[in-house]
Amino acid sequence: APLSQCSQLSQSAPTRMWRVARRNDGVSWGSTCPKYSQVRYTAPAVSSGPVWADPEIGVDSGFCPKFNALDNAVDRRSHEGTYRVDNGYPLNPHGRTGITGRGLLGRWGPNHAADPIITRWKRDSEGRKVLHPGSKNPILQFVSIKRKDCGEWAIPGGMVDPGERVSVTLRREFGEEALNALQKTKEQRERLKQQITELFNSPSFQVYKGYVDDPRNTDNAWMETVAVNYHDTSGSSVAQLPLEAGDDAGKVAWVEIDSTLRLYANHARFLEIIARERGAHWE
Ligand code: RP5
Ligand code: MG
Ligand code: MG
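Fair warning: this is a prediction, and the values are worked out from it, not measured in the lab. (Residues numbered from 1 in each chain as written. Chains lettered and ligands numbered in written order. Predicted model: local features only at pLDDT ≥ 70, side-chain atom pairs only at ≥ 80, totals over all residues. Heavy atoms only, no water.)

Enquirer: How should I be thinking about the pattern of salt bridges in this particular structure?
Expert: Any two side chains of opposite charge can pair if their charged atoms end up close together. Enumeration over the complete set of coordinates arrives at 20 salt bridges. Note that R102 and E56 form a salt bridge whose closest N and O atoms lie 3.0 Å from each other. With R102 in strand 6 (residues 99-103) and E56 in the loop between helix 2 (44-47) and strand 2 (70-71), this pair connects stretches of sequence that are 46 residues apart. The class of R102 is buried, set by a relative accessible area of 0%. With relative accessibility at 31%, the residue E56 sits in the partly exposed group. (Salt bridge = Lys/Arg side-chain N within 4 Å of Asp/Glu carboxyl O. Helix = DSSP H or I, 4+ residues; strand = E, 2+ residues; numbered from the N terminus. Buried < 20%, exposed > 50% of the residue type's maximum accessible area, 1.4 Å probe, protein only.)

Enquirer: In this structure, what is going on with the coordination of the magnesium ion (ligand 2)? I would like to understand it.
Expert: Tetrahedral coordination by four donors puts the ideal angle at the metal at 109.5 degrees, and octahedral coordination by six puts it at 90 or 180 degrees. Within the protein, the magnesium ion (ligand 2) binds to E173 (OE) and E177 (OE); these donor distances fall in the range 2.1 to 2.3 Å. Between the magnesium ion (ligand 2) and the magnesium ion (ligand 3), a spacing of 3.3 Å is present, and a bridge between the two is formed by E177. Of this pair, E173 and E177 both sit in helix 3 (residues 166-178), four residues apart, which is roughly one turn of that helix. Of the residues examined, E173 reaches a relative accessible area of 6% and is grouped as buried. (Donors = N, O, S within 2.8 Å, 3.2 Å for Na, K, Ca; no water.)

Enquirer: How do you make sense of the site of ligand 1 when you look at a structure like this?
Expert: As a structural note, the neighbourhood of ligand 1 is formed by 13 residues, with D115, R147, D214, R216 and H267 the closest of them. D115 places a polar side-chain atom, nitrogen or oxygen, 2.5 Å from an oxygen atom of ligand 1. Residue R147 places a side-chain N or O atom 2.8 Å away from an oxygen atom belonging to ligand 1. When ligand 1 sits alone it has 370 Å² of accessible area, and the protein chains cover 94% of it. For ligand 1, the cavity whose grid points lie within 2 Å of the majority of its atoms is the largest pocket. Going through the elements one at a time, strand 7 (109-121) and strand 10 (158-159) are the ones with two or more residues in the shell around ligand 1. Grouping the constituent residues of the shell around ligand 1 by class yields five nonpolar, three polar and five charged. (Near = heavy atom within 4 Å. Polar contact = N/O pair within 3.5 Å; in protein donor to acceptor, adjacent residues only side chain to side chain. Areas by Shrake-Rupley, 256 points an atom, 1.4 Å probe, with all protein chains shown as cover. 1 Å grid on protein atoms, 1.4 Å probe; cavity = no way out; pocket = protein on both sides within 12 Å on 5 of 7 lines; lining within 4 Å. Sits in = over half its atoms within 2 Å of the grid points. Nonpolar A, V, L, I, M, F, W, Y, C, P; charged D, E, K, R; others polar.)

Enquirer: What is the right way to look at the coordination of the magnesium ion (ligand 3) in this model?
Expert: Protein coordination of the magnesium ion (ligand 3) is provided by G157 (O), E177 (OE) and D248 (OD), with donor distances spanning 2.2 to 2.8 Å. Mapping the donors of the magnesium ion (ligand 3) onto the primary sequence gives the spacing G-x19-E-x70-D.

Enquirer: Teacher, can you tell me more about the side chain of S144 here?
Expert: Locating S144 in the fold gives a position in strand 8 (residues 140-147). A distance of 3.1 Å separates the side chain of S144 from the backbone oxygen of A154, its partner in a polar contact. Those residues in contact with S144 that lie beyond four places of it in its chain are W153, A154, K251, V252, A253, V255 and L263. (Contact = heavy atoms within 4.5 Å.)

Enquirer: Quick question: what am I supposed to make of the nonpolar core here?
Expert: Side chains of nonpolar character tend, in soluble globular proteins, to be buried together. Among the nonpolar cores identified, the biggest contains 30 residues, and I118, V143, F174, I196, F200, Y230 and V238 are the most heavily contacted of them. Looking at this core, the elements that each hand over two or more residues are strand 7, strand 8, helix 3, helix 4 (186-201), strand 12 (221-232) and strand 13 (249-256). Not counting chain neighbours up to four residues away, the residues in contact with I118 comprise Q141, F142, V143, F174, L199, F200, Y230, V238 and W254. (Core = buried A, V, L, I, M, F, W, Y, C linked by side-chain atoms within 4.5 Å.)

Enquirer: Honestly, the packing of aromatic side chains in this entry has me stumped. Any pointers?
Expert: In this description, an aromatic ring pair is defined by two values, namely the gap between the centres and the angle between the planes. Taken as a whole and assessed by the stated rule, the structure comprises six aromatic pairs. When the centroid spacing of 5.2 Å and the interplanar angle of 85 degrees are considered together, the rings of Y83 and W222 count as edge-to-face. Highlighted residues: Y83 in the loop between strand 3 (74-75) and strand 4 (85-86) and W222 in strand 12, separated in sequence by 139 residues. One exposure class covers both Y83 and W222, and it is buried. Pairing Y208 with F270 gives two aromatic rings, centres 4.7 Å apart and planes at 25 degrees, and the pair type is stacked. Here Y208, found in strand 11 (residues 205-211), pairs with F270, found in helix 5 (residues 267-277); they are 62 residues apart in sequence, far enough to count as distant. Taking the relative accessible area as the measure of exposure, Y208 reaches 22% and is therefore partly exposed. Judged by relative accessible area, F270 falls into the buried class, the value being 0%. The rings of F67, Y83 and W222 are connected pair by pair, giving a single aromatic cluster. When the ring centre of W254 is taken as reference, the NZ or CZ atom of R120 above it lies at 4.0 Å. In this arrangement the basic side chain of R147 is found over the ring face of Y264, its NZ or CZ atom lying 4.3 Å from the centre. (Phe/Tyr/Trp six-rings, centres within 6.5 Å; stacked < 30°, edge-to-face > 60°. Lys NZ or Arg CZ within 6 Å of the ring centre and 35° of its normal.)

Structure, rendered in structure tokens:
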């Protein structure tokens, strides 16, 4: 299989690790795997001890997290049910990846994210919905960002802070990555907040909740997300927002949704669910 662009995520990580780590469906913990050789890797950015990362597990550090539980403010429960813990180390519920340790991820076990998927109908200059000539279905567009870490286009998602409500993460990450809210003055931020409040308070649709096939996943640390769709029905709220990339996003754009989309991790799958649910063009 061709190496994902995300093999360049970390220069210090051997390329092979990313090739092995790319997908881990089918290699369960129960099956014997004679050729399985592990590489242990924890990125320097993680082992240097930033606030968002756990310490090493063990007697030396005295760090022994409570897995499958709410551990102080850190939620170590999985959306996928109870995961196994082996010798104090949590095991990836989707099986082996070829890497132990945390790689680029901060938390042992599930690393919880939220993905806001903002959609609108594609419209012509008179404001009429544009139908796809093949399927005759209306075409959806969503706000997509180009990730700075690997250059792939993705949903503008981010990590849930300890104790943070997912609904807050969804709005905050959209503000940071698609509206560059972190670089705005307090007054500008307030205005942006007013502009998006209506949309984020409107009826939303939970698209997905669970494991993410993220290239950063290891045997002991993995991404999980809650993806929620907010749809601008009339084209009058976010459709008018001044998109501006910020934080871990290098670019931002309205992108048409169809089966040719190639996105980070399994994000394209989330868009397929939305297209089908809303009766939009897919293929
Ligand atoms: C993906 O990584 C999630 O679906 C979410 O989009 C993203 C969160 O990580 P960062 O963008 O904070 O790196 O697995
Ligand atoms: Mg972010
Ligand atoms: Mg992000």
